[in-house]
Amino acid sequence: MLRYLLGRLAGLLGVLFVTSFVVFAGVHLAPGDPVSFLLHGRPATPETVAALRAEYHLDDPLAVQYAKWLGGVLHGDFGRSAQYHQDVSTLLGSRLPGTALLVGYSAVLVAVGGVTAGILAALRPGFLDRAVLIATGVATATPSFVSAIGLVSLFSVNLGWFPGPGGTPEGLGDRLYHLTLPAFALATTFAGLLARVTRSAMLDELGREHVDVSRARGVAGRTVVRRHVLRNSLGPVVTVGGTMLAGLLVTTSVVETAFDVPGLGSLLVQSVSAKDFAVVQAVTLLSVAAFVLVNLVVDLCAPLIDPRLTLHGEGTS
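Scoring rules and cut-offs
Residues numbered from 1 in each chain as written. Predicted model: local features only at pLDDT ≥ 70, side-chain atom pairs only at ≥ 80, totals over all residues. Heavy atoms only, no water. Helix = DSSP H or I, 4+ residues; strand = E, 2+ residues; numbered from the N terminus. Expected span 1.5 Å × (residues − 1). Buried < 20%, exposed > 50% of the residue type's maximum accessible area, 1.4 Å probe, protein only. Arc of directions from axis to C-beta. Axes fitted to C-alpha atoms, helices over the stretch in contact; angles between N-to-C directions. Parallel < 35°, antiparallel > 145°, perpendicular 65-115°, else oblique. Left-handed = near helix turned anticlockwise from the far one by under 90°. Contact = heavy atoms within 4.5 Å. Nonpolar A, V, L, I, M, F, W, Y, C, P; charged D, E, K, R; others polar. Phe/Tyr/Trp six-rings, centres within 6.5 Å; stacked < 30°, edge-to-face > 60°.

Asker: I keep staring at helix α4 (residues 62–74) and nothing clicks. Help me out?
Answerer: Each full turn of the α-helix corresponds to 3.6 residues, which orients residues three or four apart in the same direction. For α4, with 13 residues, the first-to-last C-alpha span of 18 Å sits near the 18 Å given by 1.5 Å per residue. Taken together, the buried positions of α4 are occupied by Gln65, Tyr66, Trp69, Gly72 and Val73. For α4, the arc enclosing every buried residue in end-on projection is 125°, short of the 170-degree limit, so these residues lie on one face. Residues of α4 that are exposed and point over 90 degrees away from its buried face: Ala63 and Leu74. Positioned one or two residues after α4, Gly76 has a phi angle of 80°, which is positive.

Shown next, in the form of structure tokens:
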């Protein structure tokens with residue numbers, strides 16, 4: 001176990017290092033000059049431009065800029081935002097709670113909606129199964145921004161049940177109320193995918209020989225489903241669900257921008273447009289770290305859910 005954990009942590013550090021350098025190089029090599037954004041189109045003397053470039057180390061070679069940034073990160077310093085004129089760590093701290101609440105809300109919707117729909121489809125072949133397949137097919141094919149437009153048009157503009165984009169919620173209850181439509185827009189695609197995975201896993205377990213034997217021995221149908229079918233189906237469901245949770249973190253930018261949610265996703269979009277290098281690097285590094293950590297937790301939990309699995313993903317003999 002210790003060797004496995006050390007190996008995965010070493011892999012995590014390697015992924016973070018490579019990803020951070022690739023993103024750092026990509027942002028710096030993209031067309032455009034951050035000095036132009038800092039000046040807001042105002043004319044400036046060569047001395048002013050040189051001072052700005054020196055302040056943000058824009059004249060240093062790429063490798064030197066990256067080394068300075070990485071050294072700061074190792075000491076807890078993510079740099080200073082050129083767009084917002086404040087420390088990046090402070091900026092992330094103010095935006096992180098909004099994204100975390102949105103992702104958590106969406107994850108609950110994905111887990112409850114996807115697993116429930118998949119179980120019903122597997123246990124009720126016929127009309128209900130076909131209805132779930134059609135609904136999940138539409139859900140998985142609908143991009144988040146399309147879901148956002150439809151939800152706002154129906155539930156905010158026409159029915160007036162939920163507030164539209166923007167607004168300043170007060171308290172946890174009001175924040176959840178304002179995040180309901182963004183959470184559904186973010187969760188729709190992932191819930192459809194999880195429902196199909198759950199249905200497939202359930203059908204696979206329902207066809208197992210030990211399930212037929214249990215039924216032949218007179219064990220109640222609900223007991224068979226609960227103790228054998230559902231329990232053995234949790235392995236692939238949890239594995240895919242963990243990957244989807246990490247995917248929610250990546251796709252928040254679309255929903256947060258559509259609903260004007262002040263989170264990390266919308267911050268990333270604004271920072272890419274402004275070529276705010278420090279913020280783009282910090283948000284990307286945080287997203288990659290969360291993605292890898294979620295997958296690590298899923299790998300560690302898989303053998304606990306299904307003892308037939310090992311930490312290396314192989315079945316026991």
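Asker: What am I meant to see in the packing of helix α6 (residues 127–141) against helix α8 (residues 171–206) here?
Answerer: Relative orientation and spacing of two packed helices are given, respectively, by the angle between their axes and the distance between those axes. Running from N to C, α6 and α8 cross one another at 140°; their axes reach a closest spacing of 7 Å. Here α6 is positioned oblique relative to α8, judged by the angle of their axes. In this structure, the crossing between α6 and α8 has a hand that is left-handed. Residues Asp129, Leu133, Thr136, Gly137, Ala139 and Thr140 of α6 pack against Thr188, Thr189, Gly192, Leu193, Ala195, Arg196 and Arg199 of α8. The residue makeup of the contact of α6 with α8, split by class, is four nonpolar, six polar and three charged.

Asker: What should I look at first to understand helix α1 (residues 2–29) in this one?
Answerer: For α1, built from 28 residues, the straight-helix expectation of 40 Å at 1.5 Å per residue is met to within 8% by its first-to-last C-alpha distance of 40 Å. Listed in full, the buried residues belonging to α1 are Tyr4, Leu12, Leu16, Ser20, Phe24, Ala25, Val27 and His28.

Asker: Sorry, what's going on with unusual backbone geometry here?
Answerer: Backbone geometry follows two general trends: most residues other than glycine have a negative phi, and most peptide bonds adopt the trans configuration. Despite not being glycine, Asp260 shows a phi value in the positive range, around 55°. Note on placement: Asp260 falls in the loop between α10 (221–259) and α11 (264–274). Judged by relative accessible area, which is 53%, Asp260 ranks as exposed.

Asker: Explain the packing of aromatic side chains to me, please; I cannot follow it from the model alone.
Answerer: Any aromatic ring pair is given by two values, namely how distant the centres are and how the planes are angled relative to each other. Going through the model one piece at a time under the given rule, you end up with six aromatic pairs. Ring geometry for Phe21 against Tyr66: centres 5.1 Å apart, planes inclined by 85°, an arrangement best described as edge-to-face. Of this pair, Phe21 sits in helix α1 while Tyr66 sits in helix α4; the two residues are 45 residues apart in sequence, bridging distant segments of the chain. For Tyr66, a relative accessible area of 6% puts it in the buried group. Measuring from centroid to centroid gives 6.5 Å for Phe155 and Phe162, while their planes differ by 80°, and the two rings are edge-to-face. The class of Phe155 is partly exposed, set by a relative accessible area of 21%. The rings of Phe17, Phe21, Tyr66 and Trp69 are connected pair by pair, giving a single aromatic cluster.

Without other data, these values stay purely geometric and don't point to any function.
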